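# Summary of structural features
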Amino acid sequence: MNATVSLSNTAGTSFFLPDLAITVAVDSFLSNPTTNDSLNFFPPLNPAKPHSSAFVSAGYGNIITFQYGEMPVSHQFNEHRIWEQFTQKSTIGRVDIQHRYRLEQRILDNYVKSGAEYLREGTVFRQRVRYRALAFIPLNHASMSDNTLFLNVNDEIFLGFGEGIGTNILDQNRLQIALGWKFNAKCMIQAGYMNQYVSKNAKVSLANTLLDQAENNNTLTIGLTYNFDFSKKEETK
């Protein structure tokens, strides 16, 4: 199983009046069960609420990657991740569209094989850029209003750059489709399928040709999102 808990913090009417959003998602790999836990803190960089047409945010995540998939990592490792992102939202007809651009600075544990064991030898620094296109499609209403059954279709590409990145800069791609229910502006649930394409640095020889190694992980996703509003409300006189 793959469980993720995220704490996100987006500013209200000023930097001192935040909203707090808690998202819990559980992913289950169909072919290769694994566990991958992370706790993320997302402080805001600007006073725009998430429903603004565009906003900037940044944050930190602590990620533990375990062995999974057809070509698992040699040893589970910990990652400290800092990220900055720009999100743009728009509506085309009844469909809500999101474009998210994210830049990541990653500090990963480095494990080296010593005999039959793997020993931790410091850390390595990697950088990555991500782009996600997402569409919320309401099914029983004309818009994403309260009590709406919706379809979430999104695709996200991950590209590595900078020092330590091989000739293939493609890190992974995630294609997801989920069915969800929006209770109100604070709460929604989703369940669906994600295909995770993971590109490996190693190569395999086929007919005297070196090919990049890659794997596809088929994933069931279950998500719950709830937003706690701690912004100050105007007093009614």
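This structure is a prediction, so every number in the text was calculated from the model and none was measured.

We now examine the overall build of the protein chain. The number of helices and strands found in the protein chain is zero helices and eleven strands. Along the chain direction, N to C, the helices and strands of the protein chain fall in the order β-β-β-β-β-β-β-β-β-β-β. Within the span of the protein chain, comprising 237 residues, buried residues form 34% of the whole. The contacts in the protein chain between residues at least 6 apart in sequence include a share of 56% that link residues at least 24 apart.

So, on to the packing of aromatic side chains. Considering all chains together, one arrives at three aromatic pairs under this definition. Ring centres of Y101 and Y131 lie 5.1 Å apart, and the angle between their planes is 35 degrees; on these two criteria the pair is classed as tilted. A residue pair is termed long-range when its members are at least 10 positions apart, and Y101 in strand 6 (residues 95-114) and Y131 in strand 7 (residues 117-138) qualify at 30 residues. Taking the relative accessible area as the measure of exposure, Y101 reaches 38% and is therefore partly exposed. Accessibility expressed as a relative area gives 29% for Y131, which makes it partly exposed. Consider the rings of F136 and F150, whose centres lie 5.5 Å apart with planes at 85 degrees: the pair is edge-to-face. Of this pair, F136 sits in strand 7 while F150 sits in strand 8 (residues 148-161), placing them 14 residues apart in sequence. Taking relative accessible area as the criterion, F150 reaches 0% and is therefore assigned buried.

What follows is about the pattern of salt bridges. Considering all chains together, one arrives at ten salt bridges under this definition. A salt bridge links E104 to R81, with the nearest nitrogen and oxygen atoms 3.7 Å apart. Here E104, found in strand 6, pairs with R81, found in strand 5 (residues 77-92); they are 23 residues apart in sequence, far enough to count as distant. What makes R81 buried here is its relative accessible area of 13%. In this structure, the salt-bridge partner of D171 is R128, at a minimum N-O distance of 2.9 Å. Linking D171 in strand 9 (residues 170-182) with R128 in strand 7, this pair joins segments that are 43 residues apart in sequence. Looking at D171, the relative accessible area reads 22%, which means it is partly exposed. On the basis of relative accessible area, R128 is assigned to the buried category, the value being 4%. Through salt bridges that share partners, E79, R81, R100, R102, E104, R106, R128, R130, E156 and D171 make up one connected network.

Moving on, we come to the environment of Q98. By the secondary structure assignment, Q98 is in strand 6. According to the relative accessible area criterion, Q98 is buried, its value standing at 14%. Placed 36 residues apart in sequence, Q98 and L134 show a C-alpha to C-alpha distance of 5.1 Å. The contact partners of Q98, leaving out residues within four places of it in the chain, are Q88, K89, R132, A133, L134 and F136. Here the side chain of Q98 touches R132 through a polar contact of 3.5 Å, side chain to side chain.

Moving on: unusual backbone geometry. At N147, a position not held by glycine, the phi torsion is positive, near 55 degrees. Tracing the chain through its elements places N147 in the loop between strand 7 and strand 8. The class of N147 is partly exposed, set by a relative accessible area of 41%.

Quick look at the nonpolar core now. Counting residues in hydrophobic clusters, the biggest one holds five residues: L134, F136, M144, F150 and M188. Sequence-distant contacts of F136, defined by excluding residues within four places in its chain, comprise R94, V95, D96, Q98, M144, F150, L151, N152 and Q190.

Looking at the protein chain as a whole, the pLDDT averages 77, with 69% of positions reaching at least 70. Confidence, expressed as mean pLDDT per element, reaches its minimum in the protein chain at strand 1 (residues 2-11) with 42 and its maximum at strand 8 with 96. Every residue in residues 1-48 is under pLDDT 50, and counting partners more than four places away or in other chains gives 149 contacts. Counting interchain partners and residues more than four positions distant, the pLDDT-below-50 stretch residues 204-210 has seven contacts.

Definitions and limits used
Residues numbered from 1 in each chain as written. Predicted model: local features only at pLDDT ≥ 70, side-chain atom pairs only at ≥ 80, totals over all residues. Heavy atoms only, no water. Helix = DSSP H or I, 4+ residues; strand = E, 2+ residues; numbered from the N terminus. Buried < 20%, exposed > 50% of the residue type's maximum accessible area, 1.4 Å probe, protein only. Contact = heavy atoms within 4.5 Å. Phe/Tyr/Trp six-rings, centres within 6.5 Å; stacked < 30°, edge-to-face > 60°. Salt bridge = Lys/Arg side-chain N within 4 Å of Asp/Glu carboxyl O. Polar contact = N/O pair within 3.5 Å; in protein donor to acceptor, adjacent residues only side chain to side chain. Core = buried A, V, L, I, M, F, W, Y, C linked by side-chain atoms within 4.5 Å. pLDDT = per-residue confidence, 0-100.

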